[in-house]
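Here's the letter readout for the chains.
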Amino acid sequence: MWYTWGVRGVPESSHLDAPAAPVRARSAFVSKVFCMPSSLPAQPLPLRQRSVLAVSLLGLLGLLAALLPAASARAAAPVYLSGPDVSHWQHAAGPVTWSQVKGPAAQSFAISKATEDTNFVDPFFAADYAAERANGLVRGGYHYARPALPMSTAVAQADFYAATIGNVQEAGDLPPIMDFEEGGGLSPRDLITWGQTFLGELMARTGRVPMIYTYRNFWRTELLNSSAFIRYPLWIADYTAGATVPTPPLIGSWPTWTMWQWTSTAHLPGISGVVDNSHFNGTGEQLAAFADGTHPSVLPAVAPQAPIAVQAGPAGNALSVSWVPADNGGLPLTSYRVTVSPGGATTTVPGTQTSAVIPGLTSSTLYTATVVAVSPAGASPASAPSTPIGATAGIVPVVMTVGATDATIVSGKTDTLVGTLSRADGLGGVAGAPLVVFAKQTGATDYTAVTSVITSATGSFAVPVTSGSTTRYSVRYAGGGGWAPVSAGVLVTAKASLTTALSKTSVPRKAHVTLRGQVSWAAVGRVVYRQRWYANAWHSGPGVKVSTTGRYSFTVTPTVKGKTKLRVILSSKPGLVGTYSPTVVLNVR
């Protein structure tokens, strides 16, 4: 054969599929789990073990030169201060030796579970919390929130947690933390209100601005990707393989993150089994300042923002109005003021209530509603008006259209679903409607909620989605308040991406050349084949398995002088369209 071929070393791992986001269900009553439904986009877990190569200085320099692009990318990765978070589940695997966590494990902080609901204190919290400080670790304790109605449960849980964790106004104390990852069956508007009520009470009780722990799928679906909490520090869980920062864009319009739980399967000296591990977004000095409770501070009170997603529907000779809270300005809301036009009828409801009924309206008139939020710091601007509707119109049919910006996208890249939600009678779009996006990847048996979006004032919407394989999306509107439910779907086909390059483009005969490249992560573990052009056709050569980092490489040893064309191919499989790499030309002298 014209070439002899060899395969350069590529790391392999059996951990090829992992969830897009964690569920840290730290219940006192159920087992802890770390997975989302299997129909979510699968992503490879980060490698936990790296081979240690014994090489000479010259060999090391040669290896670095051959892998310069990858080495440069790794060198650019930030170096973070890190720390575990633990609960009684870690102690079930064996004792925690905090001196080793601080010493051999070189961790900078640690966070322990303190409480859950109003009736559970982690049995190891007090000892762990004291040991963390005694061993020189910045320490913190979190509350696993159990949202429920009435809203007074938020106050009760905040008080229970604050009493358990005690004084957090000393140097080395992280702010109090709300672990917010369960909806409790509450509607998005009630769940947002519950979270704001909990945080407001906790801030008042501790004198510190609390931090929020959550994960992407929960925030985007259960809370409609709310931006009502962006003034609180964010601790986000995101286990994306190979990432050096949490997956952009961040949830809820947060401008930045404070902590990033990057894995649930870390191995640390002093802790038996696996444990969560998080990075701090800053220097040692910034961590010390963030954890310096000797300078307590609370959010400066400002007027609240206008409520969003105002929906109005008929209720006899009345109008039923609901809305989604926005940022409350740092203080609990005292009330909402709802106004109906035309006519100006107004009603006021408590600040923990997110719906109202306006009576005494005329059946022959189309009405809109606006809502104003009121707190001790002032009143918000009026919300955008709801879609016009009659007070006795009954259930109004609606229609939905949905499409994708690109019908075929590169695996793992972001596409945008666009569409409209409109009245079936042709009288305009439905504004402020909360829509939930469900996804079913190729091979999955059912749909899973992955994100959400709220329609604009004209009823249009645009929402980014990302998937590693061909996916059918279903955008669903639950209806209510006089509007009928509706859904619509679209198929987005995923294709692989494949790059290739030669380590050298001109070599003497029998010299070694490397043909290497990268594939999209959905093709990890697949086999790629090199091809050579001769006799007016492409001819396939040997194959090589793609590594867990998405890279591959061939060693080429040309035996005949002249120029030749080379490329690499990846075949199609269900859910992923195959592709060819660009053609490269090798000159053999």
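Let me sum up the structure you'll find in this document.

Parameters and conventions
- Residues numbered from 1 in each chain as written.
- Predicted model: local features only at pLDDT ≥ 70, side-chain atom pairs only at ≥ 80, totals over all residues.
- Heavy atoms only, no water.
- Helix = DSSP H or I, 4+ residues; strand = E, 2+ residues; numbered from the N terminus.
- Pairing = 2+ DSSP bridges.
- Axes fitted to C-alpha atoms, helices over the stretch in contact; angles between N-to-C directions.
- Buried < 20%, exposed > 50% of the residue type's maximum accessible area, 1.4 Å probe, protein only.
- Core = buried A, V, L, I, M, F, W, Y, C linked by side-chain atoms within 4.5 Å.
- Salt bridge = Lys/Arg side-chain N within 4 Å of Asp/Glu carboxyl O.
- Polar contact = N/O pair within 3.5 Å; in protein donor to acceptor, adjacent residues only side chain to side chain.
- Phe/Tyr/Trp six-rings, centres within 6.5 Å; stacked < 30°, edge-to-face > 60°.

Here's the deal with unusual backbone geometry
- Cis peptide bonds are those with omega within 30 degrees of zero, and the linkage from Leu149 to Pro150 qualifies with 5 degrees.
- Positionally, Pro150 belongs in the loop between strand 5 (138-144) and helix 6 (152-165).
- The peptide bond linking Ser341 to Pro342 adopts the cis configuration, its omega dihedral lying at 0 degrees.
- Among the secondary structure elements, Pro342 is positioned in the loop between strand 13 (335-341) and strand 14 (346-350).
- One non-glycine residue, Asn225, lies in positive phi territory at about 55 degrees.
- Relative to the assigned elements, Asn225 resides in the loop between helix 8 (216-222) and strand 8 (234-237).
- The phi angle at Asn536 is positive, at roughly 60 degrees, despite the residue not being glycine.
- Mapped onto the fold, Asn536 is located in the loop between strand 30 (527-534) and strand 31 (537-545).

Focus on the sheet that holds strand 15 (residues 355-358)
- If you walk across this open sheet you meet the 3 strands as 11-12-15, and the pairing is antiparallel. The sheet terminates laterally at strand 11 (308-314) and strand 15, the two strands that pair on one side only. This sheet shows a mean twist of 20 degrees between the axes of neighbouring strands, independent of strand direction.
- Taken together, the 5 bridges between strand 11 and strand 12 (residues 319-324) define a ladder with antiparallel strand orientation. Among the inter-strand pairings, Ile308 is bridged to a residue of strand 12, identified as Val324.

Side note on the pairing of strand 3 (residues 109-116)
- For strand 3, the tally of buried residues reaches 8 of 8 residues, placing the bulk of the element in the interior.
- In the sheet, strand 2 (residues 81-86) pairs with strand 3 via 2 bridges, with the strands oriented parallel. Looking at strand 3, one finds that Asp85 is bridged to Ile111.
- In terms of strand pairing, strand 3 meets strand 4 (residues 120-121) through 2 bridges, oriented antiparallel. When the bridges of strand 4 are listed, Glu116 appears paired with Phe120.

A few points about the nonpolar core
- Among the nonpolar cores identified, the biggest contains 58 residues, and Phe198, Ile212, Trp219 and Phe229 are the most heavily contacted of them.
- With 7 residues, helix 7 (residues 188-206) is the single largest residue contributor to this core.
- Among the nonpolar cores identified, the runner-up in size contains 44 residues, and Val310, Val338, Phe461 and Val475 belong to it.

Here's the deal with the sheet that holds strand 23 (residues 448-454)
- In spatial order, the strands read 20-26-25-22-23; together these 5 strands make up an open sheet with mixed pairing. The two strands at the open ends of the sheet, each matched to only one other strand, are strand 20 (408-410) and strand 23. Recorded for the sheet is a direction-independent mean angle of 30 degrees between the axes of neighbouring strands.
- Examined bridge by bridge, strand 22 (residues 434-441) and strand 25 (residues 471-477) share 7 bridges and lie antiparallel to one another. When the bridges of strand 25 are listed, Gln441 appears paired with Thr471.

Structural notes on the pattern of salt bridges
- Per the stated rule, a full pass over the model turns up 10 salt bridges.
- Here Arg133 and Asp173 are joined by a salt bridge, their closest N and O atoms 2.8 Å apart. You can see Arg133 sitting in helix 5 (residues 125-134) and its partner Asp173 sitting in the loop between helix 6 and strand 6 (177-179), a full 40 residues away along the chain.
- The exposure class of Arg133 is partly exposed, given its relative accessible area of 29%.
- Take Asp173: its relative accessible area is 0%, and that puts it in the buried class.
- Linking Asp425 and Arg423 is a salt bridge whose minimum nitrogen-to-oxygen distance equals 2.8 Å.
- On the accessibility criterion, Asp425 (43% relative accessible area) is partly exposed.
- Residue classification places Arg423 among the buried residues on the basis of a relative accessible area of 7%.
- Taken together, the shared-partner salt bridges connect Lys113, Glu116, Arg146 and Glu182 into one network.

Regarding the side chain of Arg208
- Along the chain, the position of Arg208 falls in the loop between helix 7 and strand 7 (211-215).
- Within the local environment of Arg208, its side chain forms a polar contact with the backbone oxygen of Phe290, the two atoms lying 3.3 Å apart.

Considering the packing of aromatic side chains
- Per the counting criterion, the structure on display carries 16 aromatic pairs.
- Summarising the aromatic geometry, the rings of Tyr80 and Trp257 are spaced 5.6 Å apart at their centres and angled 65 degrees between planes, so their arrangement reads as edge-to-face. Highlighted residues: Tyr80 in the loop between helix 2 (68-75) and strand 2 and Trp257 in the loop between strand 8 and strand 9 (259-266), separated in sequence by 177 residues.
- For Tyr80, a relative accessible area of 18% gives the class buried.

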